[in-house]
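Structural characterization, general
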Amino acid sequence: MWLDRFSGHSTPSQSPPPPVNRNHPPGPARRPSQLGPGLPQRPGYGPRTSSLNPGSRANNSTTSVNSQRLHNGSTLKHEVTPPADFSDSLEILERIVGRKLPQDDKTSVIPDENGILEKPSELLVDVDFGGLSLEDFAHQATSKSKIYSEVDNLNTSQTFEEYEREKDKFEDLHRSIVACDDVLKSVETSLTSFQKDLGTVSAEIETLQSRSTTLNTRLENRRVVEKLLGPAVEEISIAPAVVKTISEGPIDPEWVKALTELERRTKAIDGKLKSSEPVLAATDIKPLLDNLTNKAIERIRDFLVSQIKALRSPSMNAQIIQQQSFLKHRELYAFLARHHAQLAEEIGQAYINTMRWYYLSNFTRYRQALEKLPLFTVDKQDALGNDPSTTSKPTQPSHDPLSLGRRIDILRRSNPNALTSYLASESKSPNYLETPFSNFCLALIDNATAEYTFLTTFFSPSQSYHQISRSFSSIFSPTFALGTAYTKALTETTYDSLGLLLCVRLNQHGAFELQRRKIPVADGYINATNMLLWPRFQLAMDAQHDSIRRATSSLSSTARALSSLGSSSSAQSTAPTPLTQRFGLLLQGILALSAEHGAEESEPVGNSVGRLIGEMEAYLGKAARGLQAGRRERFLSSNWSLVRTIVGDGGGRLGEGVRERLEGLRDGV
């Protein structure tokens, strides 16, 4: 096809082209789609050939023979001498093209010295002549070429007619192609613009990559520097959040944490400044930390003062403020004591003064409420040797002050609680003196325990044990004095021996409870109370002795003795006297109250009981003088047997001694 363009004309399609030697095999080729099924097949070469070689048709058989190798390996050579006016086709083609054409060394045919073309050493194609001679084979090929030319002419006329019929379609196709060209031009424009934008973005990405690389390098360098300088900077710096929390934040657990962080940083910077090589940055930040510390001290002062003022509010429970405000922030006072000892001491003294007033005022009101409790009056007329019928008091219900009964239950309560002020004020039933004494002691011991626990928790380790003990004494001294005065008011006029001994045992229980709670600072109050109760108990027991002694001295004659024995119907009666029963009840009560404590030598109970039994022995011995000899022994035996029965098996070690003595008196008659 490209040779036709160079030659300026092509072989017309109406005439069959001459066959050209292109080394195609003579066998049948594929039939074009335009040919009908009854037409012969084309030979294996193209339908259009160039007419540049004028001798191509005349020498078709010659070139075909020269370019083919003999079949079945024959070594015969066909020597053909070209005519004198024959021009080489390659030379003609080179003149048309205007340049030298390359030659293939393997396929080019070079004449020998005599100008005779020899058979090449290697033939590209084996041609099968089908048993025909060269002239017959060429004639057959010419006939087939004519047939193919006719078919091509027929196809060409058919194609022209179809083109005429489908001209509109081709015009539409042309317009579509033009429209597509326009669209493609717009797409090309868009793609060009996109390519420019993409180039811009690519440049920006490269810039960003360059900046990113730079930043990564700087970040890595900063990390290396931070790794080296971070610990040192951390030691001499404080976070802005800590500064803001201490300066403006509410005082809560987070504020306490910030205060701890401030103190830690301050210690670290002080250590840097005191070292042999002080750090300049520590010198710069030290004034700032001092200012922040002063701000923290100021806020701690305001907070503690506000809480101390709250303790003076009416009907305020001090223990609630102590637990929720003071103990929850006990680190504040410790910080204040370390950084401003004088201010801490002043605040501590303000707290002591406030709590002294708080406890004194509240216990004063509680004493006034307890004083409203109606009490049984027990005086000398209720002594053992007096006649109960002559000592009745119309202003109060009848009672037996010499019988212990259920009064001992006040010692056996597992978890006693103090009576409230309101209930004490509204109570109408009379009580013995141990009831108000017990409630006051319980309230005092509970409050003393709570206050001492608070002092040791809040003020330590800022204060030593002796300082805390002095603070507690300063707070509770007026309250203890109030309690001592109240105990004295309860006991200074009474002769209730059992009630006084009950108060002694209650006081001892309070001492044991304070020891269990490890509250040694209330021992002074316990001892002062004992100093009031024991002498008064001794006076009450002396009154019992004196009353029996007076009853014994009144037995001067037989008639008076029989009258005192209550045996008017029979002068020789051996029944126990009423005094014997009352004596047994008193003795049983004293022994029951002494069962848990034994017969300690330091206690006057044993001596008082021994003296009481001796006075009763003298009384019964004198009363038995008016009886006959046999009845006298029965009288004494029945009285001592009654006392032994009433006493029972209790009383501990003191009771054992008393029982042995009573049994000896009963059996030794």
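Residues numbered from 1 in each chain as written. Predicted model: local features only at pLDDT ≥ 70, side-chain atom pairs only at ≥ 80, totals over all residues. Heavy atoms only, no water.

Moving on, we come to the packing of aromatic side chains. By the definition in use, this model includes 22 aromatic pairs. Seen from their ring centres, Y359 and F476 are 4.5 Å apart, and the 35 degrees between their planes marks the pair as tilted. With Y359 in helix α11 (residues 341–371) and F476 in helix α14 (residues 465–491), this residue pair connects regions lying 117 residues apart in the sequence. Accessibility expressed as a relative area gives 2% for Y359, which makes it buried. (Phe/Tyr/Trp six-rings, centres within 6.5 Å; stacked < 30°, edge-to-face > 60°. Helix = DSSP H or I, 4+ residues; strand = E, 2+ residues; numbered from the N terminus. Buried < 20%, exposed > 50% of the residue type's maximum accessible area, 1.4 Å probe, protein only.)

A cluster of nonpolar side chains, namely V224, V225, L228, L229 and V233, defines an oily patch on the protein surface of about 460 Å² accessible area. Take V224: it is sitting in helix α5 (residues 167–235). (Patch = residues over 30% accessible without salt bridge, like charges linked within 9 Å, V, L, I, M, F, W, Y side chains within 5 Å. Areas by Shrake-Rupley, 256 points an atom, 1.4 Å probe, with all protein chains shown as cover. Salt bridge = Lys/Arg side-chain N within 4 Å of Asp/Glu carboxyl O.)

Another aspect to go through is the side chain of T487. Mapped onto the secondary structure, T487 falls in helix α14. The contact partners of T487, leaving out residues within four places of it in the chain, are F437, Y525, T529, L532 and L533. (Contact = heavy atoms within 4.5 Å.)

For the structure on display, the rule yields 21 salt bridges. Its salt-bridge partner being R338, residue E263 comes within 2.5 Å of it at the nearest N-O pair. One end of the pair, E263, is in helix α7 (residues 253–274); the other, R338, is in helix α10 (residues 330–339), and 75 residues separate them in sequence. Residue E263 is classed as buried on the basis of its relative accessible area of 10%. Where E513 meets R516, a salt bridge forms, and the shortest distance between an N and an O atom there is 2.3 Å. In this pair, E513 and R516 are both assigned in helix α15 (residues 497–516), three residues apart and thus about one turn of the helix distant. The partly exposed category is assigned to E513, whose relative accessible area is 22%. On the basis of relative accessibility, which here comes to 58%, the residue R516 falls in the exposed class.

Here we come to the state of the cysteines. Across all of its chains, the model carries zero disulfides by this definition. We note that C503 lacks a disulfide partner, and the nearest cysteine sulfur, in C441, lies 7.9 Å from it. The exposure class of C503 is buried, given its relative accessible area of 0%. (Disulfide = S-S within 2.5 Å.)

A word on the packing of α15 against helix α16 (residues 523–553). Contact geometry of α15 with α16 gives a least axis separation of 9 Å together with a crossing angle of 160 degrees. Compared by their axis directions, α15 and α16 come out roughly antiparallel. Note on packing geometry: the crossing formed by α15 with α16 is left-handed. Seen from α15, the contacting residues are S497, L500, L501, C503, V504, R505, N507, Q508, G510, A511 and L514; seen from α16, they are I526, T529, N530, L533, W534, R536, F537, A540, M541 and Q544. Tallied by class, the residues present in the contact of α15 with α16 amount to twelve nonpolar, seven polar and two charged. (Axes fitted to C-alpha atoms, helices over the stretch in contact; angles between N-to-C directions. Parallel < 35°, antiparallel > 145°, perpendicular 65-115°, else oblique. Left-handed = near helix turned anticlockwise from the far one by under 90°. Nonpolar A, V, L, I, M, F, W, Y, C, P; charged D, E, K, R; others polar.)

Our next topic: empty space enclosed by the protein. Over the atoms a probe the size of a water molecule is rolled, and this reveals where empty space is left. Taken as a whole and assessed by the stated rule, the structure comprises three cavities of 30 Å³ or more. Quantified by volume, the second largest cavity comes out at close to 40 Å³. In this structure, the second largest cavity is lined by L304, I308, F326, Y333, I347, G348, Y351, F454, F458 and F459. Elements represented by at least two residues in the lining of the second largest cavity include exactly α8 (280–310), α11 and α13 (434–458). Among the elements that make up the lining of the second largest cavity, the one with the highest residue count is α11 (three residues). Residues belonging to the lining of the second largest cavity are distributed by class as follows: nine nonpolar, one polar and no charged. (1 Å grid on protein atoms, 1.4 Å probe; cavity = no way out; pocket = protein on both sides within 12 Å on 5 of 7 lines; lining within 4 Å. Points joined across faces, edges and corners; volume = space filled by probe spheres on them.)

Attention shifts here to the confidence of the model for the protein. Per-residue pLDDT for the protein averages 79, and the proportion of residues at 70 or more is 74%. This model gives residues 1–80 a pLDDT under 50, and the stretch forms 105 contacts once residues within four places in sequence are excluded. Low pLDDT, under 50, characterises residues 557–570; the predicted model gives this stretch 13 contacts beyond four residues in sequence or across chains. (pLDDT = per-residue confidence, 0-100.)

Time to look at the environment of Y465. Within the fold, Y465 resides in helix α14. Ignoring anything within four residues of it in the chain, the contact list for Y465 reads Y452 and P520.

Membership of the largest hydrophobic core comes to 119 residues, with the highest contact counts inside it found for L304, Y351, F583 and L587. Sort the elements by how many residues they give to this core and α11 lands first, with twelve residues. (Core = buried A, V, L, I, M, F, W, Y, C linked by side-chain atoms within 4.5 Å.)

Interhelical geometry of helix α19 (residues 605–623) versus helix α21 (residues 652–667) gives an angle of 15 degrees and a closest axis separation of 11 Å. By the angle class used here, α19 and α21 are roughly parallel. In the packing of α19 onto α21, the handedness of the crossing is right-handed. Two secondary-structure elements touch here, α19 through V605, G606, V609, G610, I613, G614 and E617 and α21 through L654, V658, R661 and L665. In terms of residue class, the contact of α19 with α21 is made up of six nonpolar, three polar and two charged.

We now examine helix α20 (residues 629–647). Between its first and last C-alpha, α20 extends 28 Å over 19 residues, near the 27 Å set by a 1.5 Å rise per residue. Listing the buried residues of α20 in full gives F635, L636, N639, W640, V643, R644 and V647. Along the axis of α20, the buried positions cluster into a sector of 160 degrees, meaning they face one direction only. Downstream of α20 by one or two residues, G648 has phi in the positive range, about 75 degrees. (Expected span 1.5 Å × (residues − 1). Arc of directions from axis to C-beta.)

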